[in-house]
Amino acid sequence: MHSPIVITGMGIISPLGCGVKPVWQRLTDGRSGIGRIDRFDVEDFPIRIAGLVPGIEQDPEAGFDPETVVEKKERKKLDPFTLYAYAAAQEALTQAGWAPSDESDQRATATVVATGIGGFTTITQAQKTLDSRGPKRISPFVVPAFLANMASGNLSIKYGFKGPLGCPVTACAAGVQAIGDGMRMIRSGEAEVALVGGTEACVDPLSLAGFNALKALSSNDADPERASRPFDRDRDGFVMGEGAGLMVIETLEHAEARGAKPLAMISGYGTSADAYHMTSGPEDGSGAAAAMRAALKMAGLEPSDIDYVNAHATSTPVGDRAEIASLRNVFGDKVGEVPVSSTKSATGHLLGAAGGVESIFTALAVMNDQLPPTLNLENVDETMADLDLVPNQTRNQSVQHAICNGFGFGGVNASLIVSKLP
């Protein structure tokens, strides 16, 4: 019998602020992190809103302060997606009390940090420099800054983690897959501890224009906080967000042996492919359902054991409908009895970081017996009217086992089950 895999540390950088405690408080208070983009001129741009990580100047309580993460000279060499990962890792590792100094513990630590796009803003800025000032003005740090694996690479260098190093780049399922990969490494004996999750920082004119061309983004900029509205009949696309969510996972036996406090258990993980279409899943949600079933099987649970689903639901008409179809597929007639909410209503969609942040939200739901709400749910899509979508208000309710979903372009599906400690 395997020792259960537990979470011993968590760290968040998000549009709702930085730090697990203030972010959870704001999420359960029903606050939104969506606003107008102020980093570049969006006056004549089709998309003017995003979920940006607030700076310390605009949010003294929980804003992002890069000074506390890495010194100024080093920051020039790093893309923001790596900076966000640094900050989330610092919080998670501090809580877990994991700072290995001997070779065997360093070799036993895996670093698996996902991203959907990597250092995208570094690439677009470098292209501008190339066009305006020529190749001699390109920094030698451009390539090491934009490579997708450099968040995990830089973290392993910073902390001396010498075990397996990984970086799923599986679009919006990447964050959940990173946690699943870390679990597998612990199960197979390749690692004893893993720093896992996802990071993303690609709110940029080109990425916004690209997703807009796909008709994937909400253009509701008159009222940014109400633009992300999963499951609502008036939803018109997702709002792009940024941030990072990382956790430290290890076996319960390992945590207890070193005196670390386990927070929650990761009991199941499943992943699958739709093999269907580049950007949308099949209408019956069969691929996503297969991932959930695989997670249930690993956890030794039945669908009736699940008390809450943190849905992938991004607020696109097609995506939300396919996910609800997948839940019907798994839960059958009892689908209306399982509370389902989408925290993307508050944060926007963090792409490759979504699964990292939302897995932490799912763990907090289990730890605190609280269901975070689906904001802006005023008129439920009529095809979903029979579901319990936790509209607008946090609910206090016992949660023993919860599912977190992440689905991505290319037809990739991933599901994680977080459970109360045994």
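I will try to describe carefully the structure that is included in this document. (Residues numbered from 1 in each chain as written. Predicted model: local features only at pLDDT ≥ 70, side-chain atom pairs only at ≥ 80, totals over all residues. Heavy atoms only, no water.)

## A short note on the pattern of salt bridges
At step 1: One pass over the full model with this rule turns up 23 salt bridges.
At step 2: Residue Glu250 pairs with Arg258 through a salt bridge whose shortest N-O separation is 2.7 Å.
At step 3: A relative accessible area of 25% means that Arg258 is categorised as partly exposed.
At step 4: With a shortest N-O distance of 2.7 Å, Asp388 and Arg395 are connected by a salt bridge.
At step 5: Within the structure, one salt-bridge network assembled from shared partners comprises Asp223, Arg226, Arg229, Asp232 and Glu378. (Salt bridge = Lys/Arg side-chain N within 4 Å of Asp/Glu carboxyl O. Buried < 20%, exposed > 50% of the residue type's maximum accessible area, 1.4 Å probe, protein only.)

## Quick word on the environment of Asn329
At step 1: Here Asn329 shows up in helix α12 (residues 317-331).
At step 2: Classification of Asn329 as partly exposed rests on a relative accessible area of 31%.
At step 3: In this view, Asn329 contacts Asp284, Gly285, Ser286, Ala289 and Arg293; residues no more than four positions away in its chain are not counted. (Helix = DSSP H or I, 4+ residues; strand = E, 2+ residues; numbered from the N terminus. Contact = heavy atoms within 4.5 Å.)

## Concerning the layout of surface pockets
At step 1: Taken as a whole, the largest pocket spans an internal volume of roughly 620 Å³.
At step 2: The wall of the largest pocket is formed by 32 residues, among which Thr279, Ser280, Thr316, Gly319 and Phe409 lie closest to the centre.
At step 3: Only α12, β14 (401-408) and β15 (412-419) provide two or more residues apiece to the lining of the largest pocket.
At step 4: Looking at the lining of the largest pocket, the element that brings in the most residues is α12, giving six residues. (1 Å grid on protein atoms, 1.4 Å probe; cavity = no way out; pocket = protein on both sides within 12 Å on 5 of 7 lines; lining within 4 Å. Points joined across faces, edges and corners; volume = space filled by probe spheres on them.)

## Topic: unusual backbone geometry
At step 1: One non-glycine residue with positive phi stands out, namely Ala171, at about 50°.
At step 2: Summarising the element assignment, Ala171 is placed in the loop between β6 (165-166) and α8 (174-187).
At step 3: Phi at Val390 is positive, roughly 45°, even though this residue is not glycine.
At step 4: For Val390, the position within the fold is in the loop between β12 (370-371) and β13 (395-396).
At step 5: What makes Val390 buried here is its relative accessible area of 1%.

## Some words on α8
At step 1: With 14 residues, α8 should reach 20 Å at 1.5 Å per residue; the first-to-last C-alpha distance of 20 Å fits that figure.
At step 2: Ala174, Gly175, Val176, Gln177, Ala178, Ile179, Gly180, Gly182, Met183, Met185 and Ile186 are the residues of α8 that are buried.
At step 3: Backbone geometry just downstream of α8 places Gly189 in the positive-phi region, at approximately 85°. (Expected span 1.5 Å × (residues − 1).)

## Describing the nonpolar core
At step 1: Counting 50 residues, the largest nonpolar core has Ile7, Met10, Met247, Ile249, Ile266, Phe361 and Leu416 as its most contacted members.
At step 2: Residues contacting Ile266, with those up to four places away along its chain left out, are Ile5, Ile7, Ile179, Met183, Met247, Ile249, Leu416 and Ile417.
At step 3: Counting residues in each nonpolar core, the second largest holds 29 residues, with Ala85, Ala87, Ala201 and Leu246 among its members. (Core = buried A, V, L, I, M, F, W, Y, C linked by side-chain atoms within 4.5 Å.)

## What about the packing of aromatic side chains?
At step 1: Enumeration according to the criterion identifies five aromatic pairs in this entry.
At step 2: Summarising the aromatic geometry, the rings of Tyr159 and Phe161 are spaced 5.6 Å apart at their centres and angled 20° between planes, so their arrangement reads as stacked.
At step 3: For Phe161, a relative accessible area of 4% gives the class buried.
At step 4: Centre to centre, the rings of Phe211 and Phe409 are 6.2 Å apart; their planes meet at 45°, and the pair counts as tilted. Placement of the pair is Phe211 in helix α9 (residues 205-213) and Phe409 in the loop between β14 and β15, with a sequence separation of 198 residues. (Phe/Tyr/Trp six-rings, centres within 6.5 Å; stacked < 30°, edge-to-face > 60°.)

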